[in-house]
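Observations on the three-dimensional arrangement
As a plain string of letters, each chain reads:
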Amino acid sequence: MKKKNKYTDFLNIGLKLLKWYDLNARDLPWRKTKNPYHIWVCEIVLQQTRVEQGKNHYLNFVERFPTVESLSSAEIDEVLLYWKGLGYYSRAINLHKAAQQVMEDFGGTFPDSFSEILKLKGVGKYTAAAVSSICFEEKVPAIDGNFYRVLSRVFADDFDVSSPKAYAYFYELALLIMPEENPGNFNQAIMDLGSEICKPKNPQCEICPIQENCLAYETGKVLEFPVKSKKVKAVDLKLHYYYIMYEDKFLIKQRDDSFIWKKLYDFPESISQELENFVVEEKTVYHKLTHKNLEISISKVILQDKTSFEKYAQKHQLQITDYENSHQKSFPKPLENYLKKTFEN
DNA sequence: AACGCGGGGAC
DNA sequence: GTCCCAGCGTT
């Protein structure tokens, strides 16, 4: 009997993954629902974010905003409060805008196809594919980091995944192995395989359901894939803040939606001459972001006079708050840490 | 095509 | 320290 070429038996790979998923799917909260609004929120939360990091944020978010209508009518500050600590804050801003988009452009009904979902702010091809396949059984591969890794290994393909053309390229590869039925499960199977088995480091090839279909495994080159050319360089950046206080109150402002920490709250970044004499100390904290090394110096300014404190706030359009109240706002991580340290002494 | 955008976990 | 994560928007 002639042996079938295992590397060209593409569809079999997809079927194996579906079978594997049936038995090994992770038990995750969003897998109990096909509510497109919830799946959408989940997908946005999990962009560039590990499941363990995003899980609680997802649960809290859909508990507070259970429907697209409830999200659309919320204040952006509260939406950001529920996003606190997740990073990439434009995701929350776009999520909020897109909820209003659903109310206005889609009559309050969440769109039910890839091309319509794609119109939502903050939704790209990956997210539109994930939601439409999971909730509406649309056969479209959700090409994310897991997909790049799994496919480039299975086919031992050195196509540069950091190239803008990678999406289209791997999309075609994905269609080769994607079964007609259960596209949502297929996409989630790739995600689970990528995060549990076909990991960037320490891949668990011994227990991989498609080990015998994997060209990289057979040639002992699993760790050579995926190929990624783009290099990220961290830049050093200095920020200076003024922590202006009177008794237990202090002054904050809201950031704009450019640069880092969009729409989050922080402290004034400058002071007028008259306050220079009231600076009592300066602390420096360091904070590492993915592409930035931040050096943040914070000068403490203590005012003794209530009236001048309030007048200063009004003149420079700063909000007066206290520690208790500041919990209703979303602050960047390093500033949250600073506040915590300041008030827990 | 290249870059900006957070925070955290694994190694 | 490095890499990467259920990516997207802007230029």
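Residues numbered from 1 in each chain as written. Chains lettered and ligands numbered in written order. Predicted model: local features only at pLDDT ≥ 70, side-chain atom pairs only at ≥ 80, totals over all residues. Heavy atoms only, no water.

1. Some remarks on the packing of helix α2 (residues 36-45) against helix α6 (residues 90-105)
Note the threshold: Axis lines are fitted through C-alpha atoms, for helices just across the contact stretch, and the angle between N-to-C directions can take any value from 0 to 180 degrees. Each helix corresponds to a stretch of at least 4 residues labelled H or I by DSSP, and each strand to a stretch of at least 2 residues labelled E; elements are numbered beginning at the N terminus. Any angle from 65 to 115 degrees is called roughly perpendicular, while one under 35 is roughly parallel, one over 145 is roughly antiparallel, and all others are oblique. In this scheme the handedness of a crossing depends on how the near helix is turned from the far one: anticlockwise by less than a right angle means left-handed, clockwise means right-handed. Note on contacts: a residue pair is in contact if any heavy atoms of the two residues lie within 4.5 Å. The residue classification treats Ala, Val, Leu, Ile, Met, Phe, Trp, Tyr, Cys and Pro as nonpolar and Asp, Glu, Lys and Arg as charged. All others, Gly included, are polar.
Close contact between α2 and α6 brings their axes to 10 Å; oriented N to C, the two are set at 160°. One element, α2, and the other, α6, form an angle in the roughly antiparallel class. Where α2 crosses over α6, the two elements pack in a sense that is right-handed. Counted together, W40, I44 and V45 of α2 and R91, L95, A98 and A99 of α6 form the full contact between these two elements. When the residues that make up the contact of α2 with α6 are grouped by side-chain class, the tally is 6 nonpolar, no polar and 1 charged.

2. Quick look at the pattern of salt bridges
Worth spelling out the cut-off: Here a salt bridge means any side-chain nitrogen of Lys or Arg lying within 4 Å of a carboxyl oxygen belonging to Asp or Glu.
Within the structure shown, the criterion is met by 18 salt bridges. For R255, the salt bridge identified is with E269, shortest N-O distance 3.8 Å. One end of the pair, R255, is in the loop between β2 (249-254) and β3 (265-266); the other, E269, is in the loop between β3 and β4 (279-288), with 14 residues separating them in the sequence. What you see here is one network of salt bridges that share partners, running through R26, R31, D192 and E196.

3. Regarding the environment of L17
Heads up, the condition is: Using a 1.4 Å probe on the protein chains alone, a residue whose accessible area is under 20% of its type maximum counts as buried, one over 50% counts as exposed, and one in between counts as partly exposed.
Tracing the sequence through the fold places L17 in helix α1 (residues 10-24). A relative accessible area of 0% means that L17 is categorised as buried. Residues L17 and Q328, spaced 311 residues apart in sequence, show a C-alpha to C-alpha distance of 45 Å. Contacts of L17, omitting those with residues within four sequence positions, involve F186, A189, I190, L193, P209 and I210.

4. Here we look at the protein's contact with DNA strand B
Put simply, the test is: When we say a residue is near a molecule or strand, we mean one of its heavy atoms is within 4 Å of it. We define a polar contact as two N or O atoms separated by no more than 3.5 Å, with the added condition that, inside protein, one atom must be a possible hydrogen donor and the other a possible acceptor, whereas residues neighbouring each other in sequence contribute only through side-chain atom pairs.
If you check the shell around DNA strand B, you find 23 residues, and the closest are Y88, I260, W261, T290 and K292. The sugar and phosphate moieties of DNA strand B supply 55% of its atoms located within 4 Å of the protein. A distance of 3.2 Å separates a base nitrogen of DNA strand B from a polar atom in the side chain of Q53. Contact distances for DNA strand B include 3.3 Å between a phosphate oxygen and a side-chain N or O atom of H287. In terms of residue class, the surface near DNA strand B is made up of 8 nonpolar, 9 polar and 6 charged.

Any functional reading would require information beyond the geometric quantities listed.
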